[in-house]
Each structure stands twice: as structure tokens, then as C-alpha cells.
Amino acid sequence: MGNIDTITKEYISDNRRFADLFNFLIYGGREVIRPQDLEERDATELALPYGVDQKVVGRQQMRDNLKAYCAKEAGGITYLLLGVENQKDQHFAMAVKNMNYDAMNYAAQVSEASKRHREHGSQLRGAEYLSGFGKEDRLTPVVTLTLYWGPDEWNAPRSLHEMFPELPPEILRFVPDYQINLIAPAEIEDYDKFHTEIGPVLEFIRNSRDSQKLWDLLNENPVYREMDKESAVLLNAVAGLKLNLADVKGDVDMCKAWEDYAKERGKEYAKEYAKDYAKENEIGMIKSLIRSGISYEVVRKSLREVTEEELKQLYEEAEKEMVVL
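Residues numbered from 1 in each chain as written. Predicted model: local features only at pLDDT ≥ 70, side-chain atom pairs only at ≥ 80, totals over all residues. Heavy atoms only, no water.

This part covers the overall build of the chain. The number of helices and strands found in the chain is eleven helices and seven strands. Taking all 325 residues of the chain together, 38% fall into the buried category. Long-range pairs, those at least 24 residues apart, make up 62% of the contacts in the chain between residues at least 6 apart in sequence. Only carbon and sulfur atoms are counted for the fraction: they give 51% of the accessible area of the chain, which is about 19700 Å². (Helix = DSSP H or I, 4+ residues; strand = E, 2+ residues; numbered from the N terminus. Buried < 20%, exposed > 50% of the residue type's maximum accessible area, 1.4 Å probe, protein only. Contact = heavy atoms within 4.5 Å. Areas by Shrake-Rupley, 256 points an atom, 1.4 Å probe, with all protein chains shown as cover.)

Here it is, written out as C-alpha cells:
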């Protein structure tokens, strides 16, 4: 994803937007997860040995975003690890990719528990000693969200089972499934369930391939008149726009930016059309000169839009036509 990958990571790293995404995913838009209850975590996942003296080959991968969530609730304290995987394009092995991240994180948690027991001199015995994980130890749940930045519906597999060939049910029931948690702009029914600019951003992406729908959206929703520059820059990259934002200091009027963009594209199209039209006329004129017997060297001196390579081809085609006749 290159530069887009960097932009989306930085954009989602904002605690307000991060919390907004998971409140939409888990709580249907209710503001349960608060930005102040989120804490940045190392996004590197490292596969480590499960127990004492076990040797494995380490594997390291980097998530896009990972934060810890800790909040006091009526039933006690809730701890979660929340991860986001940004996808500009559809990934047909997303279930395996996310499952691998989660499994590596759980493995790291087990290893950390084992290390903690050794450092504190805990008296683990028997099965607990072999695994390095005590009977009273607990894992922190990991929730991984896939955020698709494309305007289309997600057509890639959404679960591990979807990636298998057809299997008998009696076999499949013994193979644990893994479902991806997906947010895709084209599949969102109510953008008002978002409480930050992430909602308008995703709605913009959904309509980005239909100029009329996009123009209507920009005019109907006043939030696009004063969109923060981070969101505008992200849309510029993700939606493949060419808005001129270099000199913008504060909020961006997306309506005006879109109008300016449309005007510039109109000028570019006009130039391209004029150039194509001039070239077609020149080709017609050259063909007439060739039929009149004018030499290659004479015609070559008057070229404007046609290249010498194209001129040679025109003469070769004319020679072939004469041979046929």
C-alpha cells in the first residue's frame, strides 16, 4: 500500500477515531469505549515458546494498529487488546492473516506469564510447570478489526471455513473457524452511528466512484465544508483524488476543493481532446501526402504531433496496401 499504508495507520492511531471504530463494531455506535481508556501498544507480534526450555523458530510480524483498553465497569474491570488491519485492496486470505496475528499475541501472553512465574519464583508444578501457564492465569482477549478503505463490497472470504474446499459437515465441525471483523464503507447502513469524522470519511469513499452522488453528498452534509486536513489528506490518497491541499493550513472545504479539482480535470481533458484531434488531422494529412507520392524525408520535416516511428509505420502500411493492389 506504500504511502497509503502510512497515512491510514497514522489516521487510525488517533484515540478518538480508534474508539469510534470499535464502538461501531462492538456496541452498534454506543460510546462505551472512551479515548482516554486506550493505551498504545507495540504492534509487533512475536511468536515465542510456550513453556520452559521449549525451542521454536521465532516469527515477527507488524500489525497496523494495536491498543490496550482498560475500563471499570459494573461487573469489574474490562481488559481488551484491540487491533486494526487497514486494507486498501481486498485480501483473500484475511482470515488467516488476522488469525495469525491473534495467535501470535496469545502465544506471547503465555510466554510472558511463564517468564513472570520464573522471575517471581512461583511454584508451578506438574502440568502447570510444563506449560509455564498456571491454572489461575488468564489471557487478555484480542479483537482484531479489518478496515477496508475501498468503495466496493468485500467479496473476499470472511472466515477460515470459506477458504476450504467443500468438506463433509462431520469433518468441518472439528476444524475451528475464524471470522474476520470487517468494516467496509459500502456495507454500512447508518453512518450516523459514528461520532467522529471517520463516518463522513467512509461515506465519501462509498460514493467516490459516482460523481453525481458524491457532489450531492458534499452539498447535503455541512461537515464537508469544514473537514479537518488529516481527513482530507487521507481521502486524497485513498480515493485517488488530486486535490491541491499543500497550501491549506486549517480545515478544508471539500466542496470547493472538489470544484477546483473538477475544473482542472476539465482543462486537462480539453487539452487531451485537442491534442488527439490535432493528431488525427495530421495523420489524415500524411496519408494523403503518401498517396500523392510525397517522400518520407519531405513529410518528416513537417511533423508536429506524429512521431517519426509512427510516420515509418504509416509508410510501411501504405507499401503493404500497394502490394495487395
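Counting residues in each nonpolar core, the largest one holds 47 residues, and the members touching the most others are Ile12, Leu82, Leu147, Trp149, Leu202 and Met254. Ignoring anything within four residues of it in the chain, the contact list for Leu147 reads Ile12, Leu21, Val84, Glu85, Asn86, Gln87, Ile183 and Leu202. Met94, Ala95, Leu160 and Tyr178 belong to the second-largest nonpolar core, a separate cluster that totals ten residues. (Core = buried A, V, L, I, M, F, W, Y, C linked by side-chain atoms within 4.5 Å.)

An order of S1-S4-S5-S6-S7 is seen for the five strands of this open sheet, with the pairing classed as mixed. The sheet terminates laterally at strand S1 (38–40) and strand S7 (181–183), the two strands that pair on one side only. Each adjacent strand pair in this sheet contributes to an overall mean axis angle of 30°, direction not counted. The sheet contact formed by S1 and strand S4 (residues 65–73) spans three bridges and is antiparallel. Note that in S4 the partner of Glu39 across the bridge is Ala68. (Pairing = 2+ DSSP bridges. Axes fitted to C-alpha atoms, helices over the stretch in contact; angles between N-to-C directions.)

So yeah, pure geometry; function would need other evidence.
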